[in-house]
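Listed here are the chains, written in short residue letters.
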Amino acid sequence: MGLREQFTGWKPRLWAGWRPNGLGEQKPNHYRDIARVAWANRAHPAYAYQVLTKGACDGCALGVAGLHDWTIDGVHLCTTRLDLLELNTADAIDPLVLSDVAALASRTGAQLRALGRLAHPMRRRRGATGFRRVSWDEALSVLAAGLRGSTPDRVALYLTSRGITNETYYVAAKAGRALGIANIDSAARVCHAPSTVGLRQTVGVAATTCSFQDVIEAPLVVLWGSNPANNQPVFMKYLYLARRRGCRVVVVNPFLEPGLARYWVPSNVESALFGTKMCDLHVPVRPGGDVALANAALQRLIARGAVDRAFVDAHTEGFADVAAALAGQDTDHLLDLAGVDRPTLESFVDELARAGGAVHVWSMGVTQHRGAAETVRGIVNLALAQGGVGRNGVGLMPIRGHSGVQGGAEMGAYATALPGGLPVDPDNAAALAATWGFPVPGRPGLTATEMVEAAGRGEVDVLWMSGGNFIDVMPDSRAVEAALGRVPLRVHQDVVVTRQMLVDGDDVVLLPVATRYEQEGGGTETTTERRIVFSPEIPRQVGEARSEWRLFADVANRVRPELRAAFSWPDNAALRREIAEVVPLYAGIETLAATGDAVQWGGRHLAAGGEFPTPSGRGRFTPLEPVEPQVPDGSFVLSTRRGKQFNSMVHGLVDPLTGAGRDAVFMDATDASALGVAPGDRVRLRSETGSLEATVTVARLPARTLQVHWPEANVLIAGGPDRREPASKVPDYNAVVTVERLHAAPPD
Ligand code: SF4
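We now turn to the structure provided with this report. (Residues numbered from 1 in each chain as written. Predicted model: local features only at pLDDT ≥ 70, side-chain atom pairs only at ≥ 80, totals over all residues. Heavy atoms only, no water.)

1. Digging into the overall build of the chain
Then comes step 1: Each helix and strand in the chain was counted, giving 29 helices and 29 strands.
Then comes step 2: Radius of gyration (C-alpha) of the chain: 25 Å, near the 27 Å computed for a compact globule of 748 residues.
Then comes step 3: Along the first, second and third principal axes, the C-alpha atoms of the chain reach 70 × 65 × 55 Å.
Then comes step 4: A total of 748 residues make up the chain; the buried ones form 62% of that total.
Then comes step 5: For the chain, the share of sequence-separated contacts (at least 6 apart) that also reach a separation of at least 24 residues comes to 78%.
Then comes step 6: Measuring between centres, the 76 positive side-chain charges of the chain sit 3 Å from its 79 negative side-chain charges. (Helix = DSSP H or I, 4+ residues; strand = E, 2+ residues; numbered from the N terminus. Rg over C-alpha atoms; globule rule 2.2 N^0.38 Å. Buried < 20%, exposed > 50% of the residue type's maximum accessible area, 1.4 Å probe, protein only. Contact = heavy atoms within 4.5 Å. Lys, Arg positive; Asp, Glu negative; His and termini not counted. Charge placed at Lys NZ, Arg CZ, Asp CG, Glu CD.)

Structure, rendered in structure tokens:
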């Protein structure tokens, strides 16, 4: 939107208030943040400028090349990207800093990142006080010997999406399978794996069905367990533009996040000055109550005759079964399970019925639960009932928080998928083996959580990780640390030092790698709207860091030199040509070569016109039975929340959107009063797994529910097979806890 256009047609009814830039309000100060980041990057301003103006953002998966995206005019930039910029301009660590691990052990992840870039291969044997610098040859020889000396079922390879490109994921997936390793997994496992399962079974695709343009054109956006104000900030600009066109917004979440109630879009004059009301209706669903809510809403849509019968009849199956199942469910009981009152339900159904379809957006508040795949099916039921797939202004959007997770799974760096997202089975493996020229394991491998559990049982000889930090990310941090310590050889390749690298082991090797911007030949990522986006190489050499796609190929060549031809690309343009051949979905990736180049697989809409890529060609309804919560008297359901952070990387000790510190426990006033605690009091939270001290912050929440920042809350979260979503194996990042008052807040 141009400046002139910005000053015309203002909409005072959407203004959050009259104070310019929300003066005095609890909100981020974007302009101050920009100044802070400029200062933090003062050592390499020219490089920082190039990353911002040429690179594809390595933050969330909204996707932007340089300062522009494919949805809006004007600048696309947020503070998450600016915070990540420091990683891309950091200088090398002095290797001597790593020679004393005990001196580093008490540092936080942020303090370790502040040390700078990992710049040289390092190695630490059991009993040594720290790491010593080694040659690349020694480091890779150790890894190759470890792989040769083990069996593939005792090797685990994990990649996180820390800016990792599709090219790297593809080579890692290919190299791992060339070595017979089925245990390959990536960060998608701990976020949207249930969306993959739920969507594939119902609409035949494991991706967002619409595009960001549909958000702007939507009559209604429903945000389920999602806080884009924090996690995908520029999405708020899309919402602002949508609201100017009349879009209504419903927030389904236990807590009405302040950034979703009102937001100041810094690059828009009207919104920057007066803020924008972003939410028309808050539905304060209880954690785990989404299926009950979706069922109740669908019941009411049916009762009101607000179902798109023509679409349902022509393009779906299973509606009669769902209608019959819902007829047997008592609405009051559903509302009780959802924790929502009847007027709120009716208002929600009013919004759905009036709009005649919506863009349904969901995120970790939905997926990191034991019943996550069921919830996704519940959302799909609502969408299908309104013909809400495959046309403008509607769709299903599992919004991604990492720029690499969609591509990671689609490149086959996933325990349950081969390249193209194909299920791992003997037929698909045989077809891929014929293409690649070597046998491919035809069974699914260990998922991320299973890798950690296998390590704890002493069943993993080599744990090879690109990025990631299992200690911070996986449930039950103490058990994870113990499990990592049992692995005879751990290899961590990364751009910075992380806490998991410091865990003792027989042999621990650190490999310094290039960022996505430094990567030889550039690389691509896949955004939430399935857009494959090119990011060019922005040359910079930090120490001996190497491009990861070359690194994975080198290791494959060392262990299986007879396969050299399969791992010898002259450049990564050749690699992209191979990806286009092996993954037809990615056709066009081979044409990408400059900033702004992109190709969207599937086009604007999947299932366009109601043609679903399911075996029957129809979208599938699923009858769902809500689960009764099991919360003992005197206990609370604790959910995890995000503050000023990018995934597990904490960027600020206070969340500018809420004003809460990292140690806050969000609690409803009625619960605080019943417990005899007040804001600022210290309490101890106890679960079956551990305990955590926290400071009471009063917020409007459903009764007997609490929220604590993640990853700090991981000490309270139990792991294990019965604590994850059964099909996708995403951990359930919720816990039942008790609260004990420790001491009152000090007087002001
Ligand atoms: S919204 Fe996401 S993609 Fe856009 S600049 Fe911010 S972190 Fe990057």
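Additional details are given in the paragraphs that follow.
2. What to know about the side chain of T527
Then comes step 1: One can find T527 in the loop between β18 (523–526) and β19 (531–535).
Then comes step 2: Residue contacts for T527: discarding those within four places in its chain leaves A61, L62, G63, Q406 and V533.

3. Observations regarding the site of the ligand
Then comes step 1: Every residue close to the ligand is listed here: C57, G59, C60, L62, G63, H76, C78, T80, R81, Q232, P233 and V234.
Then comes step 2: Residue composition of the shell around the ligand, by class: 6 nonpolar, 5 polar and 1 charged. (Near = heavy atom within 4 Å. Nonpolar A, V, L, I, M, F, W, Y, C, P; charged D, E, K, R; others polar.)

4. Some remarks on the nonpolar core
One broad rule of soluble globular proteins: the nonpolar side chains tend to lie buried together.
Then comes step 1: L147, W224, L293, F348 and F567 are the most contacted members of the largest nonpolar core, which totals 118 residues.
Then comes step 2: Setting aside its immediate chain neighbours within four residues, F567 contacts V171, K174, A175, A178, F438, A553, A556 and N557. (Core = buried A, V, L, I, M, F, W, Y, C linked by side-chain atoms within 4.5 Å.)

5. Looking at the sheet that holds strand β20 (residues 598–600)
Neighbouring strands of a sheet are bound in pairs by backbone hydrogen bonds; such pairs are parallel or else antiparallel.
Then comes step 1: Read across the sheet, 3 strands follow the order β18-β19-β20 without closing on themselves; strand pairing throughout is antiparallel. Every other strand in the sheet has two partners, leaving β18 and β20 as the edge strands with one partner each. Taking the axes of each pair of neighbouring strands and ignoring which way they run, one obtains an average angle of 20° across the sheet.
Then comes step 2: Against the sheet, helix α8 (residues 166–178) engages β18 and β19, with an angle of about 90° to β18. (Pairing = 2+ DSSP bridges. Axes fitted to C-alpha atoms, helices over the stretch in contact; angles between N-to-C directions.)

6. Re the pattern of salt bridges
Then comes step 1: Enumeration over the complete set of coordinates arrives at 50 salt bridges.
Then comes step 2: For the salt bridge of D681 with R741, the shortest nitrogen-to-oxygen distance reads 3.7 Å. With a gap of 60 residues between them, D681 in the loop between α29 (669–675) and β26 (682–686) and R741 in strand β29 (residues 734–743) connect regions that are remote in the sequence.
Then comes step 3: By relative accessible area, which is 4% here, D681 ends up buried. (Salt bridge = Lys/Arg side-chain N within 4 Å of Asp/Glu carboxyl O.)

7. Some points on the sheet that holds strand β5 (residues 220–224)
Then comes step 1: On the basis of which strands lie adjacent, the open sheet formed by 5 strands has the order β9-β6-β5-β11-β12 and parallel pairing. The open sheet is flanked by β9 (281–283) and β12 (395–398), the only strands paired with a single partner. Between one strand and the next, the sheet's axes are offset by a mean angle of 15°, whatever the strand orientation.
Then comes step 2: Here β5 runs beside strand β11 (residues 359–362); their pairing, made up of 4 bridges, is parallel. Counterpart to V221 in the pairing with β11 is V359.
Then comes step 3: Along the sheet, helix α9 (residues 193–203) contacts β11 and β12; its crossing angle with β12, the most-contacted strand, is approximately 160°.

8. Some details on the environment of G401
Then comes step 1: Among the structural elements, G401 can be located in the loop between β12 and α22 (405–410).
Then comes step 2: Once the C-alpha coordinates of G401 and F646 are considered, the two residues, 245 residues apart in sequence, prove to be 8.2 Å apart.
Then comes step 3: If we ignore the near neighbours within four places in the chain, the residues touching G401 are G59, C60, A61, Q232, F646 and N647.

9. Quick word on helix α27 (residues 548–559)
Then comes step 1: If you check α27, its first and last C-alpha atoms are 17 Å apart, about what 12 residues at 1.5 Å a residue would give, namely 16 Å.
Then comes step 2: For α27, the tally of buried residues reaches 9 of 12 residues, placing the bulk of the element in the interior. (Expected span 1.5 Å × (residues − 1).)

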